Amino acid sequence: VQLQASGGGLVQAGGSLRLSCAASGGTFVRYAMGWFRQAPGKEREFVASISGSGGTTYYTLSVKGRFTISRDNAKNTVYLQMNSLKPEDTAVYYCATDRILRMEPGTVDHWGKGTQVTVSS
């Protein structure tokens, strides 16, 4: 499975960005999909995940109510809509596939290349 993330950029605090991750080479609907992020000097952390059907989602507490994960299985794409962005959201964001929904860095099957999100204050 290959994953290609896009949509990062520079935005002011309070602004919005939408990340996309296109998958190829596998049966997309079989995989839970997720987003992780890694800030400079910090470990990679879970952000959000979504089940294969799209019916169940999980979020880390710090983004709940601000970020929304969704997927379009017809397009083999997962999205992360990020609203009310804060400077502490600044990180490289990675998409990932996993067989489990409550994913952690150690359980991920495939990683995409990251996309930089920078939120200025």
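Residues numbered from 1 in each chain as written. Predicted model: local features only at pLDDT ≥ 70, side-chain atom pairs only at ≥ 80, totals over all residues. Heavy atoms only, no water.

Focus on the overall build of the chain
Argument step 1. A tally of helices and strands in the chain yields 0 helices and 11 strands.
Argument step 2. Going from the N terminus to the C terminus, the chain shows its helices and strands as β-β-β-β-β-β-β-β-β-β-β.
Argument step 3. Its C-alpha atoms give the chain a radius of gyration of 13 Å, within 12% of the compact-globule value 14 Å for 121 residues.
Argument step 4. In terms of its C-alpha atoms, the chain occupies a principal-axis envelope of roughly 40 × 25 × 25 Å.
Argument step 5. Going through the 121 residues of the chain one by one, you find that 42% of them count as buried.
Argument step 6. Sequence-distant contacts in the chain: of pairs separated by 6 or more residues, those separated by 24 or more amount to 56%.
Argument step 7. Carbon together with sulfur atoms contributes 47% to the accessible area of the chain, which is approximately 6,200 Å² in total. (Helix = DSSP H or I, 4+ residues; strand = E, 2+ residues; numbered from the N terminus. Rg over C-alpha atoms; globule rule 2.2 N^0.38 Å. Buried < 20%, exposed > 50% of the residue type's maximum accessible area, 1.4 Å probe, protein only. Contact = heavy atoms within 4.5 Å. Areas by Shrake-Rupley, 256 points an atom, 1.4 Å probe, with all protein chains shown as cover.)

Description of the nonpolar core
Argument step 1. Grouped together as the largest cluster of nonpolar side chains are 27 residues, with contacts concentrated most on Trp35, Val47, Phe67, Leu80, Met82 and Tyr93.
Argument step 2. Secondary structure elements with two or more residues in this core: strand E1 (2–6), strand E3 (17–24), strand E4 (32–38), strand E5 (45–50), strand E7 (67–72), strand E8 (77–82), strand E9 (91–98) and strand E11 (115–120).
Argument step 3. With 4 residues, E3 is the largest single contributor of residues to this core.
Argument step 4. Ignoring anything within four residues of it in the chain, the contact list for Leu80 reads Leu17, Arg18, Leu19, Trp35, Val47, Ala48, Phe67, Thr68, Ile69 and Tyr93. (Core = buried A, V, L, I, M, F, W, Y, C linked by side-chain atoms within 4.5 Å.)

Here we look at the pairing of E11
Argument step 1. Only one face of E11 is buried, namely the one carrying Thr115, Val117 and Val119, since none of Gln116, Thr118 and Ser120 on the opposite face is buried.
Argument step 2. Across 4 bridges, strand E2 (residues 9–12) lies against E11 in parallel orientation. Pairing of Leu10 across the sheet is with Thr118, part of E11.
Argument step 3. Two strands pair when backbone bridges link them, and E9 and E11 are joined in this way by 3 bridges, in the antiparallel orientation. Looking at E11, one finds that Tyr93 is bridged to Thr115. (Pairing = 2+ DSSP bridges.)

Remarks on the side chain of Ser20
Argument step 1. In this fold, Ser20 is placed in strand E3.
Argument step 2. With a relative accessible area of 17%, Ser20 lands in the buried category.
Argument step 3. If sequence neighbours within four positions are ignored, Ser20 has contacts with Gln4, Ala5, Ser6, Trp35, Thr77, Val78 and Tyr79.

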